[in-house]
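Fold and contact review
Listed below are the residues making up each chain.
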Amino acid sequence: MPKDSEEIVKTESGVLYTYERMARDLYFLTVRFPDLLTVNTIGSTKDGRAIYDAVIGNPNGASHFIVVYTQHGSEHINTQLAMRQLEYVLTTWTNGGSYSDKTFSDIFSNVCFHIIPMANPDGVTIAQLGVDGLRTEAARTVVNMCYELDREVAKVYGSFEDYEAKFKANANGVDLNKNFNAGWEEMDNNVNYPS
């Protein structure tokens, strides 16, 4: 556990902010701010990683907001941003901070925020560490299948390592950003399979 005067979420250059670092930091934040932060598991991934929901504010509040970060695996810096913002809000709240003439206590008294700092842990792992970072053969098989399918239709430029680093989908090959019930069936974007 970092000392009370130390930041929990580190942003040092050249160090990957991995799923494991995020999970550790969420734990440390709950220890430091037990009355302000609750962390729930809202699901798990194909490769067995928990998907976390960091809850701040009043769970019985009139308004609930969901803020989702890192739907695309290759956009993993968003998780680090989410965690730094979370730590900043919690620290400022603890220190009696205010925003626009209202204290954080007042702001959060009737509002609840659900912050999902990493919606796609498997995709992040693939983009940061490649398929060797995955825990299961089933997940590695799907990513390799996606690569082969994308190569067949000339959607791959470069090596398999380049493909991994730019991987957006999850370990099921699904792009979470295109997985909403939003009339996709009417859209003709030449997509024939998940990745």
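Located above this text is the structure these notes cover.
All values derive from a computational prediction rather than experimental measurement.

Scoring rules and cut-offs
Residues numbered from 1 in each chain as written. Predicted model: local features only at pLDDT ≥ 70, side-chain atom pairs only at ≥ 80, totals over all residues. Heavy atoms only, no water. Helix = DSSP H or I, 4+ residues; strand = E, 2+ residues; numbered from the N terminus. Buried < 20%, exposed > 50% of the residue type's maximum accessible area, 1.4 Å probe, protein only. Salt bridge = Lys/Arg side-chain N within 4 Å of Asp/Glu carboxyl O.

One non-glycine residue, Ser 100, adopts positive backbone phi at about 50°. Relative to the helices and strands, Ser 100 resides in the loop between strand S4 (98–99) and strand S5 (102–103). Phi at Ala 154 is positive, roughly 60°, even though this residue is not glycine. Given the relative accessible area of 46%, Ala 154 is considered partly exposed.

Moving on to the pattern of salt bridges. Applying the stated criterion across every chain, the model contains eleven salt bridges. The salt bridge involving Glu 20 is made with Arg 135; its shortest N-O contact spans 4.0 Å. Taken as a pair, Glu 20 in helix H1 (residues 19–32) and Arg 135 in the loop between helix H4 (121–129) and helix H5 (137–152) lie far apart in primary sequence, 115 residues in all. For Glu 20, a relative accessible area of 41% translates into the label partly exposed. In this structure, the salt-bridge partner of Glu 148 is Arg 151, at a minimum N-O distance of 3.5 Å. Here Glu 148 pairs with Arg 151, and both are found in helix H5, just three residues apart, close to one helical turn. The exposure class assigned to Glu 148 is partly exposed, which follows from its relative accessible area of 37%. A relative accessible area of 47% places Arg 151 in the partly exposed class. One salt-bridge network, in which partners are shared between bridges, spans Glu 7, Arg 32, Arg 84 and Glu 87.

Structural measurements only, silent on function.
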